[in-house]
Amino acid sequence: MTDPLTTLSEARVFGGRLKRVRHQSAAVNCEMTFAIFLPPQVETGATVPVFYWLSGLTCTDENFTQKAGAFRVAAELGLAIVAPDTSPRGEGVPGDPDGAWDFGQGAGFYVDATEEPWAHNYRMHDYVTRELPALIEANFPVTDRRSIAGHSMGGHGALVCALKHPGFYKAVSAFAPIVNPAAVPWGEKAFGRYLGPDRDRWLEWDACALIRTAPERLPILIDQGDRDSFLETQLKPEALVTAAQEVGHPVTLRMQPGYDHSYFFISTFIEDHLRHHAAALVG
């Protein structure tokens, strides 16, 4: 690791420590910020596995750390949590030319952009799957046992990361993920700009397409609220279930009555997801 880490803040929580850290990223060519929770087990010399969390549109690392209520259970289970920002940010990083909230800074979609002016900075997949794990494992008391989860755009990112990198993660799950971005408005807008007009190239970043040829059958857990205002137009989890059934890929979709797209929903079921991950990471 040649680039220094700058600790922006540190707090004690459930016997562990939550740090917010900044570093210069080679993958996205700007400064990036991530949060890391180190459970109390590391203070006795243990190294621990890592649960990576990818947040959704407009979010930063702080949405999960402040709203999900994950630290009590992570401390019990001995899991580190790493929550990166969703996108490259800062001066010189292009955003949406019209100032829209669903593209650009805050909406990186965890793809590696190929089109200008996005290709220089918007390489969040490379950042999440290569640069960030290497940095975490070189600088903190963690093992190379990893899992990944996310919400909405981050749920899309988590599914794609796991499907494109067999063996790299021990578990994967998602809350209200965008499972078929190549066929919904959010994804069409982002992919058309980041990846260009060739829709066949979009399928390289679409969980419904990837699952059909995935060389690893890592079980997928999905929670989805049935009062989610984006369910019918943007999320469509049944599309992933159908694709998975065609090839025998294990997917558990839990429709949660009365829940929406918010962190109230995530905080209600995050313990289930952490235990799902710990069974693969710690067991």
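Criteria and thresholds
- Residues numbered from 1 in each chain as written.
- Predicted model: local features only at pLDDT ≥ 70, side-chain atom pairs only at ≥ 80, totals over all residues.
- Heavy atoms only, no water.
- Core = buried A, V, L, I, M, F, W, Y, C linked by side-chain atoms within 4.5 Å.
- Buried < 20%, exposed > 50% of the residue type's maximum accessible area, 1.4 Å probe, protein only.
- Helix = DSSP H or I, 4+ residues; strand = E, 2+ residues; numbered from the N terminus.
- Contact = heavy atoms within 4.5 Å.
- Arc of directions from axis to C-beta.
- Pairing = 2+ DSSP bridges.
- Polar contact = N/O pair within 3.5 Å; in protein donor to acceptor, adjacent residues only side chain to side chain.
- Disulfide = S-S within 2.5 Å.
- Salt bridge = Lys/Arg side-chain N within 4 Å of Asp/Glu carboxyl O.

*Asks:* Sorry, what's going on with the nonpolar core here?
*Replies:* Soluble globular proteins tend to pack their nonpolar side chains together in the buried interior. Formed by 95 residues in total, the largest nonpolar core has its most connected members in Phe34, Phe109, Ile136, Ile148 and Tyr194. In terms of residues, this core owes the most to one element, helix α10 (residues 263-281), which gives 8 residues. Each residue touching Tyr194, except ones within four places of it in the same chain, is listed here: Phe103, Gly104, Ala107, Gly108, Phe109, Val111, Ala113, Thr114, Glu115, Trp118 and Tyr122.

*Asks:* Even after reading the chapter, I still don't get helix α5 (residues 185-194), so can you show me in this structure?
*Replies:* Helical geometry: 3.6 residues make up each α-helical turn, so side chains three or four residues apart lie on a common side. Those residues of α5 not exposed but buried are Trp186, Gly187, Ala190, Phe191 and Tyr194. Buried residues along α5 cover an arc of 105 degrees about the axis, so they all sit on one side. Turning to α5, the residues buried within the fold contact α4 (153-164), α6 (199-202) and α8 (231-235). The first or second residue beyond α5 is Gly196, which carries a positive phi of 95 degrees.

*Asks:* What is the right way to look at the pairing of strand β1 (residues 6-13) in this model?
*Replies:* Consecutive side chains of a regular strand alternate in pointing toward one face of the sheet and then the other. In this sheet, strand β2 (residues 16-25) lies alongside β1 in antiparallel orientation, the contact comprising 7 bridges. Within β2, the position partnered with Thr6 by the bridge is Arg22.

*Asks:* Help me out: how do you make sense of the side chain of Gln234 in this one?
*Replies:* Checked against the element boundaries, Gln234 lands in helix α8. Of the polar contacts made by the side chain of Gln234, one reaches the backbone nitrogen of Trp186; its length is 3.0 Å. Contact partners of Gln234, with chain neighbours within four places excluded, come to Ile178, Val184, Pro185 and Trp186.

*Asks:* Can you walk me through the state of the cysteines in this structure?
*Replies:* Disulfide: a covalent bond connecting the sulfur atoms of a pair of cysteines. Applying the stated criterion across every chain, the model contains 0 disulfides. Cysteine Cys30 remains unbridged, with the sulfur of Cys161 as its closest cysteine sulfur at 17 Å. For Cys30, a relative accessible area of 8% gives the class buried. No disulfide involves Cys161; its nearest neighbouring cysteine sulfur is the one of Cys208, lying 16 Å away.

*Asks:* Can you walk me through the environment of Ser173 in this structure?
*Replies:* The topology assignment puts Ser173 in strand β7 (residues 172-175). Residue Ser173 is classed as buried on the basis of its relative accessible area, which comes to 0%. Put simply, Ser173 and Thr252 are 79 residues apart on the chain and 9.4 Å apart in space, counted from C-alpha to C-alpha. Discounting residues that sit within four places of it in the chain, Ser173 has contacts with Ile148, Ala149, Gly150, Ala158, Leu221, His273, His276 and His277. A polar contact of 2.8 Å, which involves the side chain of Ser173, links it to the side chain of His273. There is a polar contact of 2.8 Å between the side chain of Ser173 and the side chain of His277.

*Asks:* Mind showing me how you'd approach the pattern of salt bridges here?
*Replies:* Evaluated as defined, the whole model comprises 20 salt bridges. Salt-bridge contacts for Asp85 lead to Arg89; the nearest nitrogen and oxygen are separated by 2.6 Å. Owing to a relative accessible area of 26%, Arg89 belongs among the partly exposed residues under this scheme. When the shortest N-O distance is used, the salt bridge between Arg199 and Glu188 registers 3.4 Å. Of this pair, Arg199 sits in helix α6 while Glu188 is found in helix α5, placing the two residues 11 residues apart along the sequence. Residue classification places Arg199 among the partly exposed positions, given a relative accessible area of 44%. Through salt bridges with shared partners, one network takes in Glu10, Arg12, Arg17 and Glu43.

Taken by themselves, the reported measurements are silent on function.
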